[in-house]
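# Structure assessment
Each chain is listed here by its residues.
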Amino acid sequence: QVQLVESGGGLVQPGGSLRLSCAASGIIFNINVMGWYRQAPGKERELVATISNNGNRDYVDSVKGRFTISRDNAKNTIYLQMDSLKAEDTAVYYCNADRVRSSTGWHLDLWGQGTRVTVSS
């Protein structure tokens, strides 16, 4: 069974950096679009960044120039490098894969368990 496993969250001071990772487990044949979402306290979940299987990237305006999404297809893993972090970046960050083909079949709209990022002095 395919799972998305996130890591890298934690507590960081404003202006600091964190690198989030999300690895898809199982026997993976291909993954279409993967992305990072976040949900801040009292707010709805929002899209942060996406990356296609050929490397095309999109970002929400609030993180452009500060966050970088990347992908290692050989490891079935995506990353989110977060620099110049602000208090408003505080949220639970979730990994998503829209379509995954594995040894057990197709999997649609997979979500990780979330990893908490807290930006505070």
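Quick note: structure is the one above.
Each chain carries its own residue numbering, running from 1 in the written order of its sequence. It should be noted that, the model being predicted, local features are given only for residues of pLDDT at least 70 and side-chain atom pairs only at 80 or more, the latter also being counted only at that level, while totals for whole chains, interfaces and linings use all residues. Excluded from the side-chain calculation are hydrogens and water; included are all heavy atoms of the structure.

## Quick look at the state of the cysteines
- Note on terminology: disulfide denotes any pair of cysteine sulfur atoms within 2.5 Å. Enumeration according to the criterion identifies one disulfide in this entry.
- Paired by a disulfide, Cys22 and Cys95 hold their sulfur atoms 2.0 Å apart. Where Cys22 bonds to Cys95 through sulfur, the torsion about that S-S bond is close to -80°, and the disulfide is left-handed. A residue pair is termed long-range when its members are at least 10 positions apart, and Cys22 in strand E3 (residues 18-25) and Cys95 in strand E10 (residues 91-102) qualify at 73 residues. Elements are defined by DSSP. Helices are runs of H or I of four residues or more, strands are runs of E of two residues or more, and each kind is numbered from the N terminus.

## Topic: the side chain of Arg66
- Looking at the element boundaries, Arg66 is found in the loop between strand E7 (57-59) and strand E8 (67-72).
- Beyond its immediate chain neighbours, meaning those up to four positions away, Arg66 contacts Gln81, Met82, Asp83, Ser84, Leu85, Lys86 and Asp89. Residue contacts are counted whenever heavy atoms from the two residues lie within 4.5 Å of one another.

## Quick notes on the packing of aromatic side chains
- Centres within 6.5 Å are what make two rings of Phe, Tyr or Trp a pair, Trp counting through its six-membered ring; a difference in plane orientation under 30 degrees is then read as stacked, over 60 as edge-to-face, and the rest as tilted. The tally for this structure, following the rule as stated, stands at one aromatic pair.
- Comment: the charge-over-ring label is applied if NZ (Lys) or CZ (Arg) is within 6 Å of the ring centre and within 35 degrees of the ring normal. One residue, Arg19, lies across the ring of Tyr79, its end atom 4.0 Å from the ring centre.
- The ring of Tyr94 has Arg45 sitting right over it, with the charged end atom 4.0 Å from the ring centre.

## Points about the sheet that holds strand E1 (residues 3-7)
- If you trace the four strands from one edge of the open sheet to the other, you get E1-E3-E9-E8, paired in antiparallel fashion. Either end of the sheet is taken by a strand with one partner, and the two such strands are E1 and E8. The sheet shows a mean angle of 15° between the axes of neighbouring strands, direction not considered. The pairing criterion for strands is at least two bridges between them, as found by DSSP. Orientation is described by axes fitted as lines to C-alpha atoms, over the contacting stretch for helices, and by angles from 0 to 180 degrees between their N-to-C directions.

## Brief notes about the nonpolar core
- In this description, a nonpolar core means a group of buried Ala, Val, Leu, Ile, Met, Phe, Trp, Tyr and Cys residues linked to one another through side-chain atoms lying within 4.5 Å. Throughout, exposure labels follow a simple rule: accessible area from a 1.4 Å probe, protein chains only, divided by the maximum for the residue type, with under 20% read as buried, over 50% as exposed, and the rest as partly exposed. By size, the foremost hydrophobic cluster in this structure holds 30 residues, and its most contacted members are Trp36, Leu80, Met82 and Tyr93.
- Those elements that place two or more of their residues in this core are E3, strand E4 (28-31), strand E5 (34-39), strand E6 (46-51), E8, strand E9 (77-82), E10 and strand E12 (115-119).
- Ranked by the residues each element gives to this core, the list is headed by E10, at five residues.
- If we ignore the near neighbours within four places in the chain, the residues touching Tyr93 are Glu6, Leu20, Trp36, Tyr37, Arg38, Val48, Phe67, Leu80, Met82, Gly114, Thr115 and Val117.

## Here's the deal with the pairing of E8
- Here E8 shows one buried face, formed by Phe67, Ile69 and Arg71, and one open face, formed by Thr68, Ser70 and Asp72.
- Sheet analysis places E8 next to E9, joined by six bridges and oriented antiparallel. Note on E9: the bridge partner recorded for Thr68 is Gln81.
- In textbook terms, the turn of a hairpin is the stretch between consecutive antiparallel strands, and for E8 and E9 this stretch comprises four residues, one of which, Asn76, has a positive phi near 50°.

## Overview of the pattern of salt bridges
- Salt bridges are defined by distance alone: a side-chain nitrogen of Lys or Arg within 4 Å of a carboxyl oxygen of Asp or Glu. For the structure shown, the criterion picks out four salt bridges.
- For the salt bridge of Asp89 with Arg38, the shortest nitrogen-to-oxygen distance reads 3.0 Å. On the criterion of sequence distance, the pair formed by Asp89 in the loop between E9 and E10 and Arg38 in strand E5 is long-range, its members being 51 residues apart. Neither Asp89 nor Arg38 differs from the other in exposure class; each is buried.
- Beyond isolated ion pairs, a larger network of salt bridges with shared partners links Arg38, Glu46, Arg66 and Asp89.

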